[in-house]
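Structural characterization, general
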Number of protein chains: 2
Amino acid sequence: MRVDIQVAFGRAVKLRRTELDLSQEELADASTLARSFVSGVERGESNASTASVWKLAKALNCMPSDLWLAAERIYQAAR
Amino acid sequence: MRVDIQVAFGRAVKLRRTELDLSQEELADASTLARSFVSGVERGESNASTASVWKLAKALNCMPSDLWLAAERIYQAAR
């Protein structure tokens, strides 16, 4: 099943969040982003900007490049 | 001089574009993004979304994680 990059990025965020045993609510609080936006990013429906990716990565205690590396792996694996 | 992450990301895009000896016009064409948007991203004024970052990386023959690694280095170096 083809996965588009936004969906792959969302899965990478969810993967990291669950690795840290955080709820979406906790990630939203920690990243100062709206809960609905975090859930939209994870579903691949919200298009996270550079600034939001930075906030998400900080809240997930990693770097944006880590999230993108995971997203690229998910994207490649689904092709 | 503090550099915010959006400015650092823009510099990473410009660095890679000049490495490839591409003009902004050529990068805009190759990425199917507007020239004004590409120039705004490079100046750190336009906030590139996941989808745009993917298009820029493809046009720059690299992965989004490469752009982000460069941005993170620029950001850290400027702190």
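Residues numbered from 1 in each chain as written. Chains lettered and ligands numbered in written order. Predicted model: local features only at pLDDT ≥ 70, side-chain atom pairs only at ≥ 80, totals over all residues. Heavy atoms only, no water.

A closer look at the interface of chain B and chain A
Each partner contributes residues to the interface: chain B has 18 residues there, and chain A has 18 residues. Considering only the surface of chain B that becomes buried against chain A, Thr-50, Trp-54 and Trp-68 of chain B emerge as the three largest contributors, covering 37% of it. Linking chain B to chain A there are 0 salt bridges. Inspection of the chain B/chain A interface yields 10 residue pairs in polar contact (both at pLDDT 80 or more). (Contact = heavy atoms within 4.5 Å. Buried area = accessible area lost by both parts, 1.4 Å probe. Salt bridge = Lys/Arg side-chain N within 4 Å of Asp/Glu carboxyl O. Polar contact = N/O pair within 3.5 Å; in protein donor to acceptor, adjacent residues only side chain to side chain.)

Description of the packing of aromatic side chains
Evaluation of the coordinates by the stated rule reveals 4 aromatic pairs over all chains. Between Tyr-75 of chain A and Trp-54 of chain B, the aromatic rings sit 4.7 Å apart at their centres with planes inclined by 65°, giving edge-to-face as the arrangement. With Tyr-75 of chain A in helix 5 (residues 64-77) and Trp-54 of chain B in helix 4 (residues 50-59), the pair connects residues from two separate chains. Under the relative-accessibility criterion, Trp-54 of chain B is labelled buried at 12%. When the ring centre of Trp-54 of chain A is taken as reference, the NZ or CZ atom of Lys-58 of chain A above it lies at 4.5 Å. (Phe/Tyr/Trp six-rings, centres within 6.5 Å; stacked < 30°, edge-to-face > 60°. Helix = DSSP H or I, 4+ residues; strand = E, 2+ residues; numbered from the N terminus. Buried < 20%, exposed > 50% of the residue type's maximum accessible area, 1.4 Å probe, protein only. Lys NZ or Arg CZ within 6 Å of the ring centre and 35° of its normal.)

A word on the relation of the copies chain B and chain A
Mapping chain B onto chain A calls for a rotation angle of 180° and an axial translation of 0.0 Å; the resulting RMSD is 0.0 Å. One copy is carried onto the other by what is essentially a two-fold rotation axis. (Least-squares fit on C-alpha atoms with pLDDT ≥ 70 in both.)

A word on unusual backbone geometry
With a phi close to 55°, Asn-61 of chain A is a non-glycine residue in the positive phi region. As for its placement among the helices and strands, Asn-61 of chain A is situated in the loop between helix 4 (50-59) and helix 5. Within the chain, Asp-21 of chain B stands out as a residue other than glycine whose phi angle is a positive 55°. With respect to the secondary-structure elements, Asp-21 of chain B resides in the loop between helix 1 (5-19) and helix 2 (24-31). Relative accessible area serves as the criterion here: at 69%, Asp-21 of chain B is assigned to the exposed category.

Quick notes on the packing of helix 2 of chain B against helix 3 (residues 35-42) of chain B
Two quantities define a packed helix pair, namely the angle between the axes and the distance from one axis to the other. Residue and element names in this part refer to chain B. At a closest axis distance of 8 Å, the pairing of helix 2 and helix 3 adopts a crossing angle of 115°. Classified by the interaxial angle, the pair formed by helix 2 and helix 3 is roughly perpendicular. Helix 3 is crossed by helix 2, and the crossing has right-handed handedness. Two secondary-structure elements touch here, helix 2 through Gln-24, Glu-25, Leu-27, Ala-28 and Ser-31 and helix 3 through Arg-35, Val-38, Ser-39 and Glu-42. For the contact of helix 2 with helix 3, the per-class residue count stands at 3 nonpolar, 3 polar and 3 charged. (Axes fitted to C-alpha atoms, helices over the stretch in contact; angles between N-to-C directions. Parallel < 35°, antiparallel > 145°, perpendicular 65-115°, else oblique. Left-handed = near helix turned anticlockwise from the far one by under 90°. Nonpolar A, V, L, I, M, F, W, Y, C, P; charged D, E, K, R; others polar.)

So, helix 1 (residues 5-19) of chain A
For helix 1 of chain A, spanning 15 residues, the distance from its first C-alpha to its last is 21 Å, which sits close to the expected 21 Å at 1.5 Å a residue. Ile-5, Gln-6, Ala-8, Phe-9, Gly-10, Ala-12, Val-13 and Arg-17 of chain A are the residues of helix 1 of chain A that are buried. On its buried face, helix 1 of chain A sits against helix 2 (24-31), helix 3 (35-42), helix 4 and helix 5 of chain A together with helix 4 of chain B. Asp-21 of chain A sits one or two residues past helix 1 of chain A and shows a positive phi near 55°. (Expected span 1.5 Å × (residues − 1).)

Focus on the confidence of the model for chain A
Per-residue pLDDT for chain A averages 95, and the proportion of residues at 70 or more is 97%. The secondary structure element of chain A with the lowest average pLDDT is helix 4 of chain A, at 96, and the one with the highest is helix 2 of chain A, at 98. (pLDDT = per-residue confidence, 0-100.)

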